[in-house]
Amino acid sequence: MITLREAGEHDLDAMVQIALHGTRESAFEGVVCPDRAREYLRAHIHWDEASAMLAEDNGEIVGGVLLVASHEVWEQPLCYLLKFWVLPSGRGTNTARLLMSYIHSWAKENDCSAIYATATAELDAQEQKLFENLLTRSGFVDCGPTMKARIK
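This is a predicted model, so every value here is computed, not measured.

**A few points about the overall build of the protein**
Alright, step 1. For the protein, the count of helices and strands is four helices and five strands.
Alright, step 2. Helices and strands appear in the protein in the N-to-C order β-α-α-β-β-β-α-β-α.
Alright, step 3. Along the first, second and third principal axes, the C-alpha atoms of the protein reach 35 × 35 × 30 Å.
Alright, step 4. The proportion of buried residues among the 152 residues of the protein is 36%.
Alright, step 5. Of all intrachain contacts in the protein linking residues separated by at least 6 positions in sequence, the fraction that spans at least 24 positions is 61%.
Alright, step 6. Looking at charge distribution, the protein has the averaged site of its 14 positive side-chain charges lying 7 Å from that of its 22 negative ones.

Here it is as structure tokens:
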């Protein structure tokens, strides 16, 4: 049975390994720096306006999300879905749906006016389409392209 729980310091090693796994599944060209990954993840664990939520199946991490509430220039903050992952062991379960439900709940609890997400993991075509479909079924609409310029 899939359950959700907040990430803690004790999860950092596993979360860094998840980042490494995600990079191997992605066409993104970059090298994961475990020390930087650890600090990035630690910030979301401890930051009051962020959330690091993990999905577990019998104690095994099978997915997670990183969220942040950002006021920018707005009275109400915007919720940014920074990272969303479901490991192969969590695919075909209700992990993605539980995480998506959590995202919406967290945004409401933090009085966010909208949730913004990009689908920029550069996944293979099938995984990319599945993620886009999940976002669409969860109430997300296309509001403009995400564009990338590679810096060499």
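Having seen the structure, we can now continue with the description.
**Here we look at the side chain of glutamine 128**
Alright, step 1. With respect to the helices, strands and loops of the structure, glutamine 128 is situated in helix α4 (residues 125-137).
Alright, step 2. A polar side-chain atom of glutamine 128 sits 2.9 Å from a polar atom in the side chain of glutamate 132.
Alright, step 3. Excluding residues within four positions of it along the chain, glutamine 128 makes contact with Ala119, Glu122 and Leu123.

**So, the environment of leucine 99**
Alright, step 1. Along the polypeptide, leucine 99 turns up in helix α3 (residues 95-109).
Alright, step 2. Classification of leucine 99 as buried rests on a relative accessible area of 0%.
Alright, step 3. Placed 45 residues apart in sequence, leucine 99 and leucine 54 show a C-alpha to C-alpha distance of 8.3 Å.
Alright, step 4. Residues contacting leucine 99, with those up to four places away along its chain left out, are Leu4, Met53, Ala55, Gly63, Gly64, Val65, Phe84, Trp85 and Val86.

Criteria and thresholds
- Residues numbered from 1 in each chain as written.
- Predicted model: local features only at pLDDT ≥ 70, side-chain atom pairs only at ≥ 80, totals over all residues.
- Heavy atoms only, no water.
- Helix = DSSP H or I, 4+ residues; strand = E, 2+ residues; numbered from the N terminus.
- Buried < 20%, exposed > 50% of the residue type's maximum accessible area, 1.4 Å probe, protein only.
- Contact = heavy atoms within 4.5 Å.
- Lys, Arg positive; Asp, Glu negative; His and termini not counted.
- Charge placed at Lys NZ, Arg CZ, Asp CG, Glu CD.
- Polar contact = N/O pair within 3.5 Å; in protein donor to acceptor, adjacent residues only side chain to side chain.

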